[in-house]
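Close look at the chain arrangement
So you can see what is in the structure, the chains are spelled out below.
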Amino acid sequence: MATQPTRITDIGPPNYEQFLHPVIKKNYGKWKYHESLAPGVLCHVSETGERIYTVRAGSSRLLSIQTIRVYADLADKYSGGYLRFTSRNNVEFLLDNPDNIEPLKKDLAAAGFPVGGTQNAISNIVHTQGWVHCHSSATDASGIVKAVMDALCDRFTQQNLPAKLRIALACCLNMCGAVHCSDIAILGIHRRAPKVNHDNLKKVCEIPTVIASCPTGAIRSATVDGKPSVEVIEAQCMYCGNCYTVCPAMPLNDPENDGLSIWVGGKVSNARSAPRFSKLAIPFIPNNPPRWPEVVKAVVNIVEVYARNARKYERVGEWIDRIGWPKFFELTGIEFTRYHIDDFKNAGLTYARSTHLKF
């Protein structure tokens, strides 16, 4: 019986194994330990004694073709064409020759890409799409990230923090980014319910679909000027933008009232303590493009206070747990408001967030 030919398809991603560095593929699952050689430079050692070196550089989430070609040329020159992108938008070059580390770092610096982000340093900021792509964002993403990282670049290139520090940005409450579990989180917020353009709604939207799009039941059918339309019950609206996704006649963006909030204390790691969610630090900062100076000042202030007062290996949330929230607000100079009062009783104690087990 004839064998069936291998099915060729373009459905789904290609198998990742074909892109692995030969040293990584050979020693897959056999790594013994890793060590930090310098900021942004790691060495992984396998059980066989083979070594792979990683050089990490800061990168943008939104890359031009020219930038990708620069990365590709550097990878061809120094790492046999092998590189990878981390989940926090860093680019990592994978080398088997340690003699290429310093020349690669010099070429990266000359191209404007700082090397760092490992160990007790700030890694690059993971962020969402912002005004570039998202139709319902309350703020920009890449613009704020650029401004914040410009101010904190030395915390990326130097390992001079008590522990690793992760910053994230989400441009609205839908949180496409990891802001709910980062040391410092920048979150765009809407403060007004969608506006209904009744004249256009009947031309471009299906009313049953619009009503069904709302996860909280805040949209009801209504009659306006004798014609069928919808109304929004603002007390039930959570500003998610689902309705605008299916109906362009219900825009959510509001230049006057949209802005940002700052959250602190979250983490994903299980090390030393269980993972935790971020908590509110600053309820509202207005959008002030193109450099968002108020946001940059707020984030830098929290980072510097944490750097001066935390103990070695203490993450932001663990530091706050030790000193207490009143002391956190006192040290940072952040005003405590009624918005900081948690009205979700015991929610943080009941959510399953950890691999730790209790018997």
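Quick caveat, the model's predicted, so the values are computed rather than measured. (Residues numbered from 1 in each chain as written. Predicted model: local features only at pLDDT ≥ 70, side-chain atom pairs only at ≥ 80, totals over all residues. Heavy atoms only, no water.)

1. Structural notes on helix 4 (residues 142–151)
- Three or more residues of helix 4 are buried, namely Gly-143, Ile-144, Val-145, Ala-147, Val-148 and Met-149.
- On its buried face, helix 4 is in contact with strand 6 (126–127), helix 5 (153–157), strand 7 (167–170), strand 8 (184–189), strand 11 (259–264) and helix 9 (293–309). (Buried < 20%, exposed > 50% of the residue type's maximum accessible area, 1.4 Å probe, protein only. Helix = DSSP H or I, 4+ residues; strand = E, 2+ residues; numbered from the N terminus. Contact = heavy atoms within 4.5 Å.)

2. Brief notes about the packing of helix 9 against helix 10 (residues 316–323)
- Viewed as axis vectors pointing N to C, helix 9 and helix 10 meet at an angle of 65 degrees, and their least axial separation amounts to 11 Å. When the axis of helix 9 is compared with that of helix 10, the two are roughly perpendicular. Judged by the twist between their axes, the crossing of helix 9 over helix 10 is left-handed. Packed against helix 9, whose contacting residues are Val-305, Tyr-306 and Asn-309, the element helix 10 presents Val-316, Trp-319 and Arg-322 at the interface.
- Among the residues forming the contact of helix 9 with helix 10, the class breakdown is 4 nonpolar, 1 polar and 1 charged. (Axes fitted to C-alpha atoms, helices over the stretch in contact; angles between N-to-C directions. Parallel < 35°, antiparallel > 145°, perpendicular 65-115°, else oblique. Left-handed = near helix turned anticlockwise from the far one by under 90°. Nonpolar A, V, L, I, M, F, W, Y, C, P; charged D, E, K, R; others polar.)

3. A look at the pattern of salt bridges
- Within the structure shown, the criterion is met by 14 salt bridges.
- Ionic pairing is found between Glu-314 and Arg-322, a salt bridge with its closest N-O pair at 2.8 Å.
- In this structure Glu-314 comes out as buried when scored by relative accessible area, which is 10%.
- We note a salt bridge from Glu-330 to Lys-327, for which the minimum N-O separation is 3.5 Å. Within this pair, Glu-330 and its partner Lys-327 are both found in helix 11 (residues 325–332), separated by 3 residues, close to a single helical turn.
- Among the residues examined, Glu-330 registers a relative accessible area of 57% and is labelled exposed.
- Salt bridges sharing common partners tie together Arg-56, Arg-84 and Glu-92. (Salt bridge = Lys/Arg side-chain N within 4 Å of Asp/Glu carboxyl O.)

4. Brief notes about helix 3 (residues 101–110)
- Buried within helix 3 we find Ile-101, Leu-104, Lys-105 and Leu-108. Across the axial projection of helix 3, the buried residues extend over an arc of 100 degrees, all falling on one side. Along helix 3, exposed side chains directed more than 90 degrees from the buried face belong to Lys-106 and Ala-110.
- Lining the buried residues of helix 3 we find strand 1 (31–38), strand 2 (41–46), strand 3 (51–58), helix 2 (65–78) and strand 5 (90–95).
- Phi turns positive, to about 90 degrees, at Gly-112, one or two residues after helix 3. (Arc of directions from axis to C-beta.)

5. A look at the packing of aromatic side chains
- Summed over the entire model, instances satisfying the criterion amount to 11 aromatic pairs.
- Note on Tyr-16 and Tyr-28: the rings are 6.5 Å apart at their centroids and 40 degrees apart in plane angle, and the pair reads as tilted. Of this pair, Tyr-16 sits in the segment before helix 1 (22–26) while Tyr-28 sits in the loop between helix 1 and strand 1, placing them 12 residues apart in sequence.
- Judged by its relative accessible area of 49%, Tyr-28 is partly exposed.
- Three or more aromatic residues joined by ring pairs form one cluster here, namely Tyr-306, Trp-319, Trp-325, Phe-328, Phe-329 and Phe-336.
- Cation over ring: Arg-191 sits above Phe-284, and NZ or CZ is 3.6 Å from the ring centre. (Phe/Tyr/Trp six-rings, centres within 6.5 Å; stacked < 30°, edge-to-face > 60°. Lys NZ or Arg CZ within 6 Å of the ring centre and 35° of its normal.)

6. A few points about the state of the cysteines
- Considering all chains together, one arrives at 1 disulfide under this definition.
- Each disulfide pairs two cysteine sulfurs, and for Cys-205 the partner residue is Cys-247, the sulfurs being separated by 2.0 Å. Taking the torsion about the sulfur-sulfur bond, which here is approximately 85 degrees, the covalent link between Cys-205 and Cys-247 counts as right-handed. Of this pair, Cys-205 sits in the loop between helix 6 (198–204) and helix 7 (207–213) while Cys-247 sits in the loop between helix 8 (242–246) and strand 11, and the two are 42 residues apart along the sequence. (Disulfide = S-S within 2.5 Å.)

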